[in-house]
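For reference, the chains in residue letters:
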Amino acid sequence: MDELAQLILTAEKEVAEADSTAALARIETLYLGGKGSLQAQLRAIGSLPREERPTFGARVNAAKQALTERIEDRRSVLAGGETATRLAAESIDITLPGEPIPAGRLHPLTQTMGRVKDALIGLGYEFVEGPELEEYAYNFAALNYPEDHPAFDEMMTFYVDDTHLLRTQTTALQGRIMSQRKPPFRIATTGRCFRYEAVDATHHHTFHQVDVFMVDEGISMADLKGTLKQFARAMFGGDVQVRFRPDFFPFVEPGVDYSIYWENRWLELGGAGLIHPNILESHGIDTERWTGFAFGLGIERTHMIQNGVNDLRLYLENDLRFLRQF
Amino acid sequence: MKLPIEWIKEYVPIEASPEELAHRLTMAGLEVEETAESSVGPVLDIKVTPNRGDCLSVMGVARELAAAYKVDLRAVPHNPSRNEGETAPITAVAIEAPELCPRYAARIIRSVKSIESPAWMQARLIAAGMRPVSGIVDVTNYVMLETGQPHHAFDYDTLAERRIVVRRARPGEQIVTLDGQERVLNPEMLVICDAEKPVAVAGVMGGGETEMGPRTRTVLLESAHFNSLSVRRTSRTLNLRTEASYRFERVVDPAGVAAAADRACALIAELGMGEVVSGIVDCTPIPIPSRTLNLRPKRVTLLLGFEVSAEAAADSLTRLGFGVTPSGESLNVTVPTWRPDVVREEDMAEEVGRVLGYENIPERLPHGSSTQGGDSADGRFNSRIREVLAAAGLQEVATHTLLAPGPFEDSRTESSRIAIRSALSAELSGLRRSLLPGLLEALDRNARRGQSPLAMFEVGHIFHATDSRWSERTSVGGVLCGSLQPAGWRHDSKPADFHAAHGIVERLSDSLHLPDTDLVRSKDPRLHPGRSADVLLNGATIGWVGELHPRLSAEIHVRERIVAFELDASALQEAARQVRGYEPLSPFPSVVRDLAPRVPVELECAAVKTVVESVDTPLLEGFELTDVYIGNPLPEGTKSLTLSFTFRAQDRTLTEEEVTGALSQIRHALETRCGATFPA
């Protein structure tokens with residue numbers, strides 16, 4: 001056995017006995033590295049007779065090839081075992097509490113307004129925002145409130161001066177829209193409203209509303225009823241029924257109070273009706289061609305119904321114990 | 001309004017149970033709020049809408065029921081006296097202000113006996129919520145409840161010249177009303193006078209001097225029609241509301257004036273309370289208006305959304321007392337005198353709809369031109385703000401718009417506070433100029449209840465008065481106290497400080513893709529002077545961030561420091577709208593190098609930033625401050641910063657020489673302009 005054969009045997013034995021990938025890497029360098037033993041054999045080729053050189057060179061290269069394969073095989077065996085050992089050592093208590101990532105939530109009224117928006121945008125309504133500090137003209141006069149009529153109780157209104165007040169209803173947006181746009185249109189708005197009310201579980205001087213109105217050709221009470229049904233379904237789910245009861249609001253004629261039948265009871269939700277022709281005419285809209293409807297809904301009331309909340313005051317008290325439930 | 005059912009049933013022949021009656025009335029538009037028991041059986045408490053003053057009586061309600069049940073209404077029994085009889089010679093009525101009093105009728109009752117009204121009448125009055133007083137007064141109240149027409153009984157012998165003059169009050173004229181109060185009148189008010197002086201405030205309350213009493217022998221009974229607006233204004237000015245004014249403010253049938261007086265007189269005679277003088281003085285200077293309208297059944301069909309025939313429309317209106325005559329394809333409709341609220345076709349469509357029943361209205365969805373739904377630009381932007389802040393760990397709250405003046409608003413803008421006129425309480429006396437007071441109140445409330453973490457925000461409107469104009473803007477504010485991240489098994493809690501609040505502001509500006517904001521020290525008196533800043537965007541102040549001044553935080557129930565911020569959401573929205581460019585991505589690797597300059601301890605980070613940014617090197621892609629160290633072994637008065645610079649070129653891989661060159665430029669700038677040293 002010549003020196004090369006002896007070298008190969010030793011190398012194979014060492015590879016087989018290597019007990020870690022690190023030891024294997026050292027063996028690899030020892031035999032196959034640039035300064036390794038096999039490379040040294042090649043360098044010594046010059047001392048051989050010329051005719052033996054090709055054969056010897058081929059032997060060395062084949063030995064390098066074979067040894068490389070053996071090392072790779074051995075490495076994959078060792079690496080698998082080492083990974084398993086490392087993973088076992090890295091095992092942790094997976095039942096410890098997760099690292100808390102503080103998360104805030106949106107106020108329940110924001111969430112409800114979001115649902116209202118989704119439902120109405122799906123029905124083709126464009127949302128527009130109006131001011132909370134509103135002009136008397138838009139809050140009352142433009143909505144067909146007769147001067148000094150008992151329907152309009154001044155005592156309920158927060159006035160800032162003779163012509164400005166805190167809006168008592170989001171309906172105040174109607175005049176602003178009609179003075180700028182021509183029909184057809186479908187508009188909705190949500191926001192904060194104010195009325196002098198003694199605060200109790202069902203009344204507050206500050207509350208939130210959504211107001212919806214549209215004007216198009218041939219709009220009737222049937223379109224209103226169908227829209228309310230669709231809207232109520234989106235808000236409350238299930239197959240709701242809608243009921244109309246005559247009621248009076250200066251800005252609608254006929255005017256109704258609408259209820260929905262939900263979870264085995266009738267719930268009064270708000271006022272609705274066909275937009276009063278006086279209002280349309282005051283904006284130069286031909287009432288023979290165009291008619292429209294309007295309806296409103298309390299945001300607090302909606303959330304209370306959806307979640308069984310029984311005290312309106314909770315919404316502006318900002319008790320985190322309440323807010324974090326939604 | 002409370003009415004016993006048995007009284008209503010006297011005028012409408014129906015057998016329905018109280019529950020069914022309540023339901024039918026409610027569905028006809030007269031909402032029954034409650035059905036209570038009384039000595040005369042069940043009593044309906046009906047909420048009458050302001051347009052339906054005609055329903056403020058037994059007859060009015062009976063009329064609605066008769067239409068709903070399709071039965072005939074019975075008339076109120078009375079002995080009509082349409083001539084002046086023996087009344088004219090002994091009294092007279094002169095109306096000097098016919099625009100405020102289109103009709104005034106007087107009847108006289110002689111030999112008045114001071115007896116009580118019968119038990120049945122008293123029982124009905126009590127059931128209806130009125131207090132029995134004396135025979136004739138009870139009769140007038142009874143007839144008011146029955147017909148809706150208020151009356152007043154004067155002691156005839158106390159009237160100067162025993163006659164009535166209806167006129168506007170003279171400036172400063174006075175009267176002592178039945179309640180003993182002295183009232184100062186003005187010419188906007190209508191008064192009933194005798195030959196000399198006011199004896200009643202028309203439609204509101206009688207005077208004390210001419211009030212009938214136990215010794216009254218002769219009574220002058222007033223039944224009149226007054227202008228509703230005038231009564232409302234008078235009642236409001238005098239702050240005096242009565243059963244009479246309540247009705248006159250709404251609707252009283254001008255055609256029923258004499259009939260109601262006759263009904264009262266019939267009852268007085270029947271009950272033996274006195275001897276009714278024949279005849280009536282009925283002064284009607286302005287004829288009772290009659291209104292005839294045109295109604296197209298097709299229009300009713302269009303509005304209600306279901307087919308309504310001419311016959312059905314005519315029948316419905318007739319049942320409510322309207323006069324209907326066909327005229328071609330439409331109907332001529334005469335509106336009854338008790339329905340001044342019906343003035344156009346749509347009003348009649350509602351009447352037809354009420355009688356036919358709204359349950360007949362089908363459900364459809366509007367067709368026609370489709371429209372593009374969507375949220376407003378403001379709504380979308382504010383939703384993004386809310387989502388960013390909630391994701392950053394803050395809970396959204398909703399605080400009051402109305403609030404009392406207090407230390408939590410910026411005293412520098414005190415003059416721009418918008419006050420509520422004649423506010424009823426301090427809490428409701430003005431509009432917020434900042435979200436901070438509400439947020440601090442919410443913080444305090446929750447701190448007292450031991451809640452944590454205390455991190456809240458609000459997006460809401462704030463208000464300022466500027467140069468006689470009002471401004472209403474959307475503001476976003478937040479408040480933090482204590483640790484946002486609670487202590488856990490692997491972290492200690494870290495109380496929120498200025499930098500935490502600043503971090504939230506930076507998160508907001510980063511998430512909304514706003515241009516970089518700058519901070520300058522704030523002079524806001526609400527804030528800690530050393531730990532607060534105004535936030536500048538494109539050079540304009542858009543808000544502030546900082547620690548609450550200890551003077552203010554002492555008022556709040558917390559031990560930790562309170563930090564807060566408030567930004568003008570409208571300004572943020574404006575900035576976010578600007579279009580940003582796109583920077584091509586470099587395929588070449590970046591090189592990161594650190595510098596650790598030692599600088600004077602008072603040197604602000606912003607100064608370092610300015611110097612670095614001013615260095616003219618296109619290779620610098622970005623840099624950040626990764627550490628600040630103060631303390632041993634550094635010399636007193638110095639601190640050590642660690643700055644991490646990223647270099648990159650668009651067109652090549654940088655060489656070591658290029659990077660070193662750029663870095664030494666920066667180093668040089670820091671040495672010369674920030675007094676930085678670089679100890680080995």
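From a predicted model like this one, the values you see are computed outputs, not experimental measurements. (Residues numbered from 1 in each chain as written. Chains lettered and ligands numbered in written order. Predicted model: local features only at pLDDT ≥ 70, side-chain atom pairs only at ≥ 80, totals over all residues. Heavy atoms only, no water.)

Colleague: Outline the pattern of salt bridges, listing residues and values.
Modeller: All names here are of chain A. Applying the stated rule across the entire model yields 76 salt bridges over all chains. For Arg-233, the salt bridge identified is with Asp-239, shortest N-O distance 3.1 Å. Exposure remark for Arg-233: the relative accessible area of 36% places this residue in the partly exposed category. Using a relative accessible area of 61% as the deciding quantity, one classes Asp-239 as exposed. (Salt bridge = Lys/Arg side-chain N within 4 Å of Asp/Glu carboxyl O. Buried < 20%, exposed > 50% of the residue type's maximum accessible area, 1.4 Å probe, protein only.)

Colleague: Give me the interface of chain B and chain A: which residues, what numbers.
Modeller: Chain B puts 89 residues into the contact, and the matching count from chain A is 88 residues. Interface area for chain B against chain A, summed over the two sides, is near 7800 Å², with a carbon-plus-sulfur share of 54%. Notably, a salt bridge pairs Asp319(A) with Arg449(B), separated by 2.4 Å at the nearest N-O pair. For the interface between chain B and chain A, the tally reads 40 residue pairs in polar contact (both at pLDDT 80 or more). For the side of chain B that touches chain A, the leading source of residues is strand β20 (residues 454-466) of chain B, giving 6 residues. (Contact = heavy atoms within 4.5 Å. Buried area = accessible area lost by both parts, 1.4 Å probe. Polar contact = N/O pair within 3.5 Å; in protein donor to acceptor, adjacent residues only side chain to side chain. Helix = DSSP H or I, 4+ residues; strand = E, 2+ residues; numbered from the N terminus.)

Colleague: Could you give an account of the sheet that holds strand β22 (residues 517-521) of chain B, with specific residues and numbers?
Modeller: All names here are of chain B. Here we have 7 strands laid out as an open sheet, ordered β19-β20-β21-β25-β24-β23-β22, and mixed in their pairing. Looking along the sheet, the strands with just one partner apiece sit at the ends: β19 (395-396) and β22. With 5 bridges joining them, strand β24 (residues 540-548) and strand β25 (residues 562-568) adopt antiparallel strand pairing. Looking across to β25, one finds that Gly-543 is bridged to Leu-567. (Pairing = 2+ DSSP bridges.)

Colleague: Give me the packing of helix α4 (residues 119-127) of chain B against helix α5 (residues 135-147) of chain B: which residues, what numbers.
Modeller: All names here are of chain B. Taken N-terminus to C-terminus, the directions of α4 and α5 make an angle of 55°; their axes are 10 Å apart at the nearest point. For the element pair α4 / α5, the angle class is oblique. As α4 packs across α5, the resulting crossing turns out to be left-handed. Between α4 and α5, the contacting residues are Trp-120, Met-121, Gln-122, Arg-124 and Leu-125 on the first element and Asp-138, Val-139, Asn-141, Tyr-142 and Leu-145 on the second. Residues of the contact of α4 with α5, tallied by class, amount to 6 nonpolar, 2 polar and 2 charged. (Axes fitted to C-alpha atoms, helices over the stretch in contact; angles between N-to-C directions. Parallel < 35°, antiparallel > 145°, perpendicular 65-115°, else oblique. Left-handed = near helix turned anticlockwise from the far one by under 90°. Nonpolar A, V, L, I, M, F, W, Y, C, P; charged D, E, K, R; others polar.)

Colleague: Describe the state of the cysteines, listing the residues and the values that go with them.
Modeller: Residue and element names in this part refer to chain B. Enumeration over the complete set of coordinates arrives at 0 disulfides over all chains. Here Cys-101 stays free of any disulfide, with the sulfur of Cys-283 as its closest cysteine sulfur at 7.6 Å. Summary of cysteine pairing: Cys-193 is not part of a disulfide, and the nearest cysteine sulfur, belonging to Cys-101, is at 11 Å. Taking relative accessible area as the criterion, Cys-193 reaches 1% and is therefore assigned buried. (Disulfide = S-S within 2.5 Å.)

Colleague: So, the confidence of the model for chain B: which residues are in play, and what are the values?
Modeller: Per-residue pLDDT for chain B has a mean of 93; in total, 100% of the residues score no lower than 70. Here the prediction assigns the complex a pTM of 0.86, and the interface score ipTM is 0.88. (pLDDT = per-residue confidence, 0-100.)

Colleague: Describe in detail the sheet that holds strand β12 (residues 205-206) of chain B, supporting the description with residues and values.
Modeller: Residue and element names in this part refer to chain B. Read across the open sheet, the 5 strands follow the order β4-β7-β10-β11-β12; overall the sheet is mixed. Where the open sheet ends on each side, the last strands, each with one partner, are β4 (93-95) and β12. Examined bridge by bridge, strand β7 (residues 164-168) and strand β10 (residues 190-193) share 4 bridges and lie antiparallel to one another. Residue Val-166 lies in a different strand from β10, and its bridge partner there is Ile-192.

Colleague: Before we move on, can you summarise the nonpolar core with the specific residues and values?
Modeller: With 90 residues, the main nonpolar core has Leu120(A), Phe244(A), Ile260(A), Phe295(A), Leu440(B), Leu443(B) and Ile562(B) as its most contacted residues. Ranked by the residues each element gives to this core, the list is headed by helix α8 (residues 221-236) of chain A, at 8 residues. Excluding residues within four positions of it along the chain, Leu120(A) makes contact with Tyr125(A), Phe127(A), Ala188(A), Val210(A), Val212(A), Phe231(A) and Phe295(A). Counting 48 residues, the second-largest nonpolar core is a separate cluster that includes Ile8(B), Leu44(B), Leu125(B) and Ala153(B). (Core = buried A, V, L, I, M, F, W, Y, C linked by side-chain atoms within 4.5 Å.)

Colleague: If you had to explain the environment of Glu441(B) to someone new, which residues and values would you point to?
Modeller: All names here are of chain B. Looking at the element boundaries, Glu-441 is found in helix α13 (residues 436-448). Taking relative accessible area as the criterion, Glu-441 reaches 45% and is therefore assigned partly exposed. A sequence separation of 33 residues divides Glu-441 from Phe-408, and the C-alpha atoms of the two residues are 9.7 Å apart.

Colleague: Explain the packing of aromatic side chains to me, using residue names and the numbers behind them.
Modeller: As enumerated under the stated definition, the model contains 19 aromatic pairs over all chains in all. Centroid distance Phe140(A) to Tyr145(A): 5.0 Å. Interplanar angle 75°. Geometry classified as edge-to-face. Exposure class is identical for Phe140(A) and Tyr145(A). Each is buried. Ring centres of Phe623(B) and Phe645(B) lie 5.7 Å apart, and the angle between their planes is 25°; on these two criteria the pair is classed as stacked. Taken as a pair, Phe623(B) in strand β28 (residues 620-629) and Phe645(B) in strand β29 (residues 638-647) lie far apart in primary sequence, 22 residues in all. Here Phe623(B) falls in the partly exposed class, since its relative accessible area comes to 26%. Owing to a relative accessible area of 0%, Phe645(B) belongs among the buried residues under this scheme. The ring of Phe244(A) has Lys225(A) sitting right over it, with the charged end atom 5.5 Å from the ring centre. (Phe/Tyr/Trp six-rings, centres within 6.5 Å; stacked < 30°, edge-to-face > 60°. Lys NZ or Arg CZ within 6 Å of the ring centre and 35° of its normal.)

Colleague: Report on helix α6 (residues 228-237) of chain B, specifying residues and quantitative values.
Modeller: Residues and elements named next belong to chain B. Ser-230, Val-231, Arg-232, Thr-234 and Ser-235 are the residues of α6 that are buried. The elements touched by buried residues of α6 are β10, β11 (198-201) and α7 (243-249). The residue sitting at the N-terminus of α6 and contributing the capping side-chain oxygen is Asn-227; that oxygen lies 2.9 Å from the backbone nitrogen of Leu-229. One or two residues past the end of α6 sits Asn-239, with phi positive at roughly 50°.

Colleague: Summarise the pairing of β7(B); cite the residues concerned and give the values.
Modeller: In regular strands, side chains alternate between the two faces of the sheet. Residue and element names in this part refer to chain B. Counting buried positions over the 5 residues of β7 gives 4, a clear majority of the element. Alignment of β4 against β7, held across 3 bridges, turns out to be parallel. When the bridges of β7 are listed, Ala-94 appears paired with Val-165.

Colleague: Explain the environment of Cys55(B) to me, using residue names and the numbers behind them.
Modeller: Along the chain, Cys55(B) turns up in the loop between β3 (43-47) and α3 (58-69). With 284 residues separating them along the chain, Cys55(B) and Arg339(B) place their C-alpha atoms 9.9 Å apart.

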